[in-house]
Amino acid sequence: VLDFGILFPSVLNGLTTGAVYALIALGLTLIYGVLHIINFAHGAALMVALYAVYLLKAHLGLDPYLALPLLVPGMFALGYALQGVVINRASHGKDENILLVTLGLAIVLENLALMFFKSDTRTIETAYTLTTVQIPSPFGAGPAFIALPKLVAFAGALVASAVLLGVVYRTDLGRAIRAVAKEKQGARLVGIDVDHVYAMSFGIGLACVGAAACFLLPAYYVNPQVGSGFVLVAFTIVVLGGMGSFSGALLGGLLVGVVESLCGLLLGDSLGQIGIFAIFIAVLLLRPQGLFGARA
Amino acid sequence: MNNMKRDVFQIAAFTAAVMALTAMLSSSVWLTFIMLALYGALLAQAWNILGGYGGQFSFGHALFFGVGAYAQVIAQVTYGINAWVALALSIAAAALIGLGTGALTFRYGLKGSYFALVTLAFAEVFRIGAVSVGFTGGGVGMMLPLAESLANLQFGSRKGYIALMLAFVAAAALVTAWLRHSRFGAGLMAVRDNEDAASAVGVDPQRAKRGAITLSAAFMGAAGAFYVQVFQYIDPAIAFGPHVSVEALVAAIVGGMGTLWGPVLGAVALHTLADLTRNLFGQLPGLNMVIYGGVLVLIVMFMPRGLAGLLTTMQPARAPPSRASSPSDAAPARGAESDRG
């Protein structure tokens, strides 16, 4: 089983999945890692975005990749509204309240989807769904075949992550977000509208999820429960990457994708995710600053 | 101890009232309602011991529920053990798992959102494990053969289950009352409100939290065993999936954390709400849960102390110690650093 010719495609597949995980987790890094909003509705937001991509394709024939310019601002607006109108008001400044409100939102969103779409699992057909790309293997083993949508997802997730990093580190908004994360009171004193920054961050976090949905759906599916599988994975990556570290989350996402893929290969498909959660528990217990986190 | 006497009196009165009500009813719809409300109350009471009195927000209480449920069915089906003995074993197994996870997570100082996430992760590991290993029957789940008799803990009438459930709800209420008026409970609440201050005055926070999670898990295990006896089937998603964890914590919080009757009140209110919406909009799957989630958001928004909080505001003399209510603005250091002590 440990033959390189089998491991290589598995690692590649893991990297492509991991890039999408990373994009979802980058959104959560902004929301949870930086601003400490424990967003249990992150997976439900992904589910909403996937349905949006699905509906655009099924009813308007819009290609999932071309849906990006709609999904990113759309999810941003949803995030801004959720944080500004619901979460901020309900939190009363307490962590546990935020936990509960986002949980309530997740329940509402998932069951609205169940109401409108029933529990059927839906997929979309595109011209490139079944296209595979041959990737030559190093060390003389046979080439690996990767589905084209997965490669696009990999590249797209990396580009989107780069854009997000640019926003956080190169713009005034990014500076304001980092300032609020470090010292909320001080940020307010120098004239930053803290509530606005929180809502912007939540919006950007969900915009990442919107982008991830566009890259994910051509090689994936959607049903009302689809998001719940991503919630704990995303939290795992945020903690693994070291709470609030964007490059850490990117690396962590790729690592988690590879771990899942290899565990699935070695232990059987159903056990693929157990490796992720075992790592998560171990990291939480032994190295809560994360694998790549600098803060002790 | 006067207050303890009053709590015990209330519990006795509640038990007698439910028993009298059950004896008068014969409609299976109402008996099922009482049974499921009591079941929900037990889940919420179990969660409340750790979450309400210990301040540790578990998002993975299904872990203990699932261990209890699987222990109950495996002991009977695989090993042919008597159902009552199996019930004791289930409670013990769940308590043991509670002690184990508690010892591990509290030893490493996990608090707040970290604790919530790690409990969720433990439940997921057990869920995936239960799908994958042989002795749990894998993803297909396990059936408990129907054999109605008192010895098998299977009753022809709902009334038998109600009596059993009521006994556990009363026991959980007695444990809660004990927490409210004992030295151990005072230590636990002190840890909840301020761990550093509590340990400064000589409370061992680890011991207090370990005790709370063990008690909490034991009652969760009983609820799991009860689930198997009533529905005669369990699978990994029911046992360890997020649904049970959410049901437990939502009822406790809606009712009022850290109060004696809050969890019972919350469970009854939520079951009433769920039944009403199911009867009114039954043809629309999901709508009842949309309302359920919406109510949760509204309660947190407008009644942060739950239904029981409404009652105690009318009687300010009995106001329970409020949870550390520092708004995050007043304590800017609250966050990742303070999540881990």
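Note that the structure is a prediction, hence the values are computed from the model and not measured. (Residues numbered from 1 in each chain as written. Chains lettered and ligands numbered in written order. Predicted model: local features only at pLDDT ≥ 70, side-chain atom pairs only at ≥ 80, totals over all residues. Heavy atoms only, no water.)

1. Some thoughts on the overall build of chain A
Short version of the rule: Only DSSP runs of H or I reaching four residues or more are called helices, and only runs of E reaching two or more are called strands; each is numbered from the N terminus. Each radius of gyration reported is based on C-alpha atoms, and the globular scaling rule is 2.2 Å times the count of residues to the power 0.38. Exposure classes here rest on a 1.4 Å probe applied to the protein chains alone. A residue is buried below 20% of its type maximum, exposed above 50%, and partly exposed in between. Here, two residues are considered to be in contact whenever any of their heavy atoms come within 4.5 Å of each other. The Shrake-Rupley method, run with a 1.4 Å probe sphere, supplies the accessible areas, and residue values consider only the shown protein chains as cover.
Summing up its helical and strand segments, chain A has 11 helices and 2 strands in all. Tracing chain A from N to C terminus, the helices and strands come up as α-α-α-α-β-β-α-α-α-α-α-α-α. Its C-alpha radius of gyration of 19 Å places chain A within 12% of the 19 Å reference for a compact globule of 296 residues. In terms of principal-axis extent, the alpha carbons of chain A reach across some 60 × 50 × 35 Å. In chain A, which comprises 296 residues, the share counted as buried stands at 58%. In chain A, of all internal contacts separated by at least 6 residues, the share reaching a separation of at least 24 is 76%. Counting only carbon and sulfur atoms, one obtains 67% of the accessible surface of chain A, whose full area is about 11400 Å².

2. Quick look at the overall build of chain B
The line we're drawing: His is not counted, nor are the chain ends, whereas Lys and Arg count as positive and Asp and Glu as negative. Here the site of a charge means NZ on Lys, CZ on Arg, CG on Asp, or CD on Glu.
On a plain count of helices and strands, chain B comes out with 15 helices and 2 strands. Dimensions of chain B along its principal axes, counting C-alpha atoms only, are 60 × 45 × 45 Å. Among the 341 residues that make up chain B, the fraction classed as buried is 53%. Carbon and sulfur atoms make up 68% of the accessible area of chain B, which amounts to about 13800 Å² in all. Distance from the positive charge centre (19 side chains) to the negative charge centre (13 side chains) of chain B: 8 Å.

3. Focus: the interface of chain B and chain A
Stated precisely, the cut-off is as follows: In short, buried area is how much 1.4 Å probe accessible area vanishes from two parts on joining, totalled over both. Between Lys or Arg on one side and Asp or Glu on the other, a salt bridge is scored when a side-chain nitrogen of the former is within 4 Å of a carboxyl oxygen of the latter. Each polar contact in these results corresponds to two N or O atoms within 3.5 Å; when the atoms are within protein, one needs to be able to donate a hydrogen and the other to accept it, and residues that are neighboring in sequence are counted only if both atoms are side-chain atoms.
Taken together, the contact between chain B and chain A spans 48 residues of the former and 48 residues of the latter. When residues of chain B are sorted by the area they lose upon contact with chain A, Y114, L117 and M301 of chain B head the list and together hold 14% of the total. For the pair chain B and chain A, the number of links is 0 salt bridges. For the pair chain B and chain A, the interface holds 1 residue pair in polar contact (both at pLDDT 80 or more).

4. A few points about unusual backbone geometry
With a phi angle near 55°, K118 of chain A is a residue other than glycine that sits in the positive phi range. Inspection of the secondary structure assignment puts K118 of chain A in the loop between α4 (95-117) and β1 (132-135). Residue K118 of chain A is classed as partly exposed on the basis of its relative accessible area, which comes to 40%. Not every positive phi belongs to a glycine, and Q232 of chain B is a case in point at roughly 60°. Position of Q232 of chain B among the secondary structure elements: in the loop between α9 (205-231) and β2 (233-234).

5. Some thoughts on the side chain of T105 of chain B
Following the sequence through the fold, T105 of chain B ends up in helix α4 (residues 83-107). Those residues in contact with T105 of chain B, other than ones at most four positions away along the chain, are L285 of chain A together with L110, F115, V118 and F122 of chain B.

6. A closer look at the environment of G102 of chain B
All names here are of chain B. As for its position among the elements, G102 is in helix α4. Along the backbone, G102 and L276 are 174 residues apart, and their C-alpha atoms lie at a distance of 38 Å. Not counting chain neighbours up to four residues away, the residues in contact with G102 comprise R107, R210 and I213.

7. Focus on a nonpolar patch on the surface
All names here are of chain A. We count it as follows: Patch membership needs two things, relative accessible area over 30% and no salt bridge, and members are linked within 9 Å if like-charged or within 5 Å if nonpolar (Val, Leu, Ile, Met, Phe, Trp, Tyr).
Side chains of I6, L265, L266 and L267 sit close together on the surface and give an oily, nonpolar patch of about 340 Å² of accessible area. Tracing the chain through its elements places L265 in helix α10 (residues 246-267). Residue class for L265 comes out partly exposed when judged on its relative accessible area of 33%.

8. What to know about the nonpolar core
Heads up, the condition is: Definition of nonpolar core: a set of buried residues of the types Ala, Val, Leu, Ile, Met, Phe, Trp, Tyr and Cys, connected through side-chain atoms within 4.5 Å.
Counting residues in hydrophobic clusters, the biggest one holds 196 residues, and the most contacted among them are Y32 and F40 of chain A together with L42, Y70, I234 and V250 of chain B. Top contributing element to this core by residue count: helix α8 (residues 194-216) of chain A, with 14 residues. Leave out the neighbours within four places in its chain, and Y32 of chain A touches I37, I38, F235, V238, V239 and M243 of chain A together with S113 and L117 of chain B. Among the nonpolar cores identified, the runner-up in size contains 6 residues, and A170, A173, A177 and L260 of chain B belong to it.

9. A closer look at helix α7 (residues 183-193) of chain B
Each turn of an α-helix holds 3.6 residues, which means side chains three or four residues apart point in the same direction. Within the sequence span of α7 of chain B, burial applies to F184, G185, G187, L188, M189, V191 and R192 of chain B. For α7 of chain B, the secondary structure elements touched by its buried residues are α2 (28-51), α6 (158-181), α8 (195-200) and α9 of chain B.

10. Some points on the pattern of salt bridges
All names here are of chain B. Enumeration according to the criterion identifies 7 salt bridges over all chains in this entry. Across the pair R127 and E124 runs a salt bridge, and its minimum N-O distance is 2.9 Å. Residue R127 and its partner E124 are located together in helix α5 (residues 112-132), separated by 3 residues, close to a single helical turn. Of the residues examined, R127 reaches a relative accessible area of 23% and is grouped as partly exposed. One connected set of salt bridges, linked through shared partners, spans K111, E195 and K209.

11. Let's talk about the packing of aromatic side chains
Keep this limit in mind: Here is the rule: rings of Phe, Tyr and Trp (six-membered ring for Trp) pair when centre to centre is within 6.5 Å. Planes less than 30 degrees apart are stacked, more than 60 are edge-to-face, and the remainder are tilted.
The tally for this structure, following the rule as stated, stands at 25 aromatic pairs over all chains. With a centroid separation of 5.4 Å and an interplanar angle of 15°, the aromatic rings of Y65 of chain A and Y128 of chain A are classed as stacked. Of this pair, Y65 of chain A sits in the loop between α2 (42-60) and α3 (68-91) while Y128 of chain A sits in the loop between α4 and β1; the two residues are 63 residues apart in sequence, bridging distant segments of the chain. With centroids separated by 5.0 Å and ring planes inclined at 85°, the aromatic side chains of F155 of chain B and Y161 of chain B adopt a geometry described as edge-to-face.

12. Let's talk about the side chain of T29 of chain A
Residue and element names in this part refer to chain A. Checked against the element boundaries, T29 lands in helix α1 (residues 4-34). Looking at T29, the relative accessible area reads 1%, which means it is buried. Residues in contact with T29, not counting those within four places in the same chain, are V34, V238, G244, S245, F246 and A249.

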